[in-house]
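Close look at the chain arrangement
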Amino acid sequence: MSAKLLDLDKHQPIRGGSSPASHIIAVGGGKGGIGKSFVSTNIAIFLANMGFNTIIVDLDLGAANTHTALGESLTKVGLSDFVNGRASSLESVATPTQINNLRLISGCNDEVDMANLDVTKRSYLMSSLYSLPADYIILDLSAGTHQSTIDFFLMAQTKLVVFTPEPSSIENGYRFMKASFFRKIKRFEMQMGLKASIDSIMNPNSRFNIKTPAELITALKEVDEVKGLGLETIMSNLDFKIVLNQTRTYKDIEIGRSVQS
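Here we summarise the structure given alongside this text. (Residues numbered from 1 in each chain as written. Predicted model: local features only at pLDDT ≥ 70, side-chain atom pairs only at ≥ 80, totals over all residues. Heavy atoms only, no water.)

1. Considering the overall build of the protein
Helix and strand counts for the protein stand at 10 helices and 7 strands. Counting over 261 residues, the protein shows a buried share of 48%. Partitioning the contacts of the protein with sequence separation of at least 6, the portion at a separation of at least 24 is 74%. In the form shown here, the protein has an accessible surface area of approximately 13000 Å², with 52% of it arising from carbon and sulfur atoms. (Helix = DSSP H or I, 4+ residues; strand = E, 2+ residues; numbered from the N terminus. Buried < 20%, exposed > 50% of the residue type's maximum accessible area, 1.4 Å probe, protein only. Contact = heavy atoms within 4.5 Å. Areas by Shrake-Rupley, 256 points an atom, 1.4 Å probe, with all protein chains shown as cover.)

Shown next, in the form of structure tokens:
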């Protein structure tokens with residue numbers, strides 16, 4: 001758990017027409033009802049109140065509710081208008097909110113099939129998010145380990161994982177982080193020539209019996225030290241920030257430290 005969420009001194013609000021690369025913050029978690037939208041919207045409001053040009057994007061595809069958390073009514077345009085070509089740009093569906101400096105890209109009016117974006121549409125949306133002119137973009141993600149959710153999570157510079165001090169939330173949160181780890185490895189399998197080695201290590205009949213991400217890295221270094229060290233360097237940049245929500249007692253806080261370890 002990081003005592004300091006963001007170094008705000010490194011990011012100055014956009015003034016005039018300049019549009020530097022945004023800092024993307026993704027808020028994810030293993031299950032619903034843990035407060036992802038609560039965390040997302042409060043971060044967005046805080047940054048907007050600090051004077052930063054902020055956009056919050058509701059990527060809980062199929063069950064969007066960020067507008068409700070912000071106290072906003074249904075928007076007239078949303079993600080599906082952009083993804084399906086009815087809007088010329090992603091910024092054109094960013095709707096002003098009652099909070100200065102904060103805009104919302106909502107999914108509340110999206111079609112049912114938005115929850116199952118194909119690879120082409122997902123890549124199009126991700127590249128458009130990267131180029132959005134804002135200081136901060138907050139991604140309010142859906143629960144679980146769907147491939148789309150993990151891809152949106154991994155694109156962020158700051159990755160927040162929300163937990164509550166309940167066994168199911170902790171278990172699913174760990175599964176979410178584990179899925180993120182293995183998904184990132186998938187991106188480098190072909191590029192680094194790792195696929196054959198990883199497939200062999202992960203085989204159920206393998207002597208390694210891999211159960212955790214750390215065990216995979218250790219096994220790969222044993223099989224091929226150079227590639228293993230290379231992957232270890234890449235994966236060391238996969239940094240999770242933990243938010244333990246709905247704590248009531250000091251014992252709950254200790255659970256957060258256990259999750260961190």
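2. With respect to the sheet that holds strand E3 (residues 95-96)
Sheets are built from strands paired through backbone hydrogen bonds, the pairs being either parallel or antiparallel. Read from one edge to the other, the open sheet built from 7 strands follows the order E3-E4-E2-E5-E1-E6-E7, with strand pairing classed as mixed. Looking at the sheet topology across the chains shown, the edges are occupied by E3 and strand E7 (240-244). Where strand E2 (residues 54-59) and strand E5 (residues 136-141) come together, 6 bridges link them in parallel fashion. In the sheet register, Asp-58 faces E5, and the bridge partner there is Asp-140. (Pairing = 2+ DSSP bridges.)

3. Observations regarding the packing of helix H6 (residues 167-189) against helix H8 (residues 213-223)
Between H6 and H8, the shortest axis-to-axis distance is 10 Å and the interhelical angle comes to 30°. In terms of their interaxial angle, H6 and H8 are classed as roughly parallel. Of the residues in H8, those in contact with Tyr-174, Lys-178, Phe-181, Phe-182 and Ile-185 of H6 are Pro-213, Leu-216 and Ile-217. (Axes fitted to C-alpha atoms, helices over the stretch in contact; angles between N-to-C directions. Parallel < 35°, antiparallel > 145°, perpendicular 65-115°, else oblique.)

4. Overview of the packing of helix H4 (residues 119-130) against helix H5 (residues 147-154)
For any two helices packed against each other, one specifies the inter-axial angle together with the distance between the axes. Contact geometry for H4 and H5: axes closest at 11 Å, N-to-C directions at 20°. As the angle between them shows, H4 and H5 are arranged roughly parallel. The element H4 and its partner H5 pack so that their crossing is right-handed. Every residue of H5 that contacts H4 at Arg-122, Leu-125, Met-126 and Leu-129 is listed here: Gln-147, Ser-148, Asp-151 and Phe-152. Of the residues contributing to the contact of H4 with H5, the split by class is 4 nonpolar, 2 polar and 2 charged. (Left-handed = near helix turned anticlockwise from the far one by under 90°. Nonpolar A, V, L, I, M, F, W, Y, C, P; charged D, E, K, R; others polar.)

5. Overview of H8
Of the positions making up H8, those classed as buried are Pro-213, Leu-216, Ile-217, Ala-219 and Leu-220. Down the axis of H8, the sector holding all buried residues measures 165°, keeping them to one side. In H8, the exposed positions angled more than 90 degrees off the buried face are occupied by Ala-214 and Glu-222. Tucked inside the fold, the buried residues of H8 contact H6, helix H7 (195-202) and helix H9 (225-235). (Arc of directions from axis to C-beta.)

6. Points about H9
Every buried residue of H9 is listed here: Gly-228, Leu-231 and Met-235. Axial view of H9: buried residues confined to an arc of 70°, hence all on one face. Opposite the buried face of H9, at more than 90 degrees from it, the exposed residues are Glu-225, Val-226 and Thr-233.

7. Structural notes on the pattern of salt bridges
In the structure shown here, the tally under the stated rule is 12 salt bridges. Its salt-bridge partner being Glu-189, residue Lys-186 comes within 3.6 Å of it at the nearest N-O pair. A residue pair is termed a helical-turn pair when its members lie 3 or 4 positions apart in one helix, as Lys-186 and Glu-189 do in helix H6 at 3 residues. Given the relative accessible area of 46%, Lys-186 is considered partly exposed. Where Glu-232 meets Lys-221, a salt bridge forms, and the shortest distance between an N and an O atom there is 3.1 Å. Of the two residues, Glu-232 is situated in helix H9 and Lys-221 in helix H8; the sequence distance between them amounts to 11 residues. The partly exposed category is assigned to Glu-232, whose relative accessible area is 33%. For Lys-221, a relative accessible area of 27% puts it in the partly exposed group. Several salt bridges share partner residues, and in doing so they unite Arg-122, Asp-151, Arg-183 and Arg-187 into one network. (Salt bridge = Lys/Arg side-chain N within 4 Å of Asp/Glu carboxyl O.)

8. Observations regarding the pairing of E5
The buried fraction of E5 amounts to 6 of the 6 residues, a majority that puts the element mostly inside the structure. In E5, alternate side chains face the same way, and those of Tyr-136, Ile-138 and Asp-140 on one face and Ile-137, Leu-139 and Leu-141 on the other are all buried. In the sheet, strand E1 (residues 23-28) pairs with E5 via 5 bridges, with the strands oriented parallel. Within E5, the residue paired with Ala-26 across the bridge is Leu-139.

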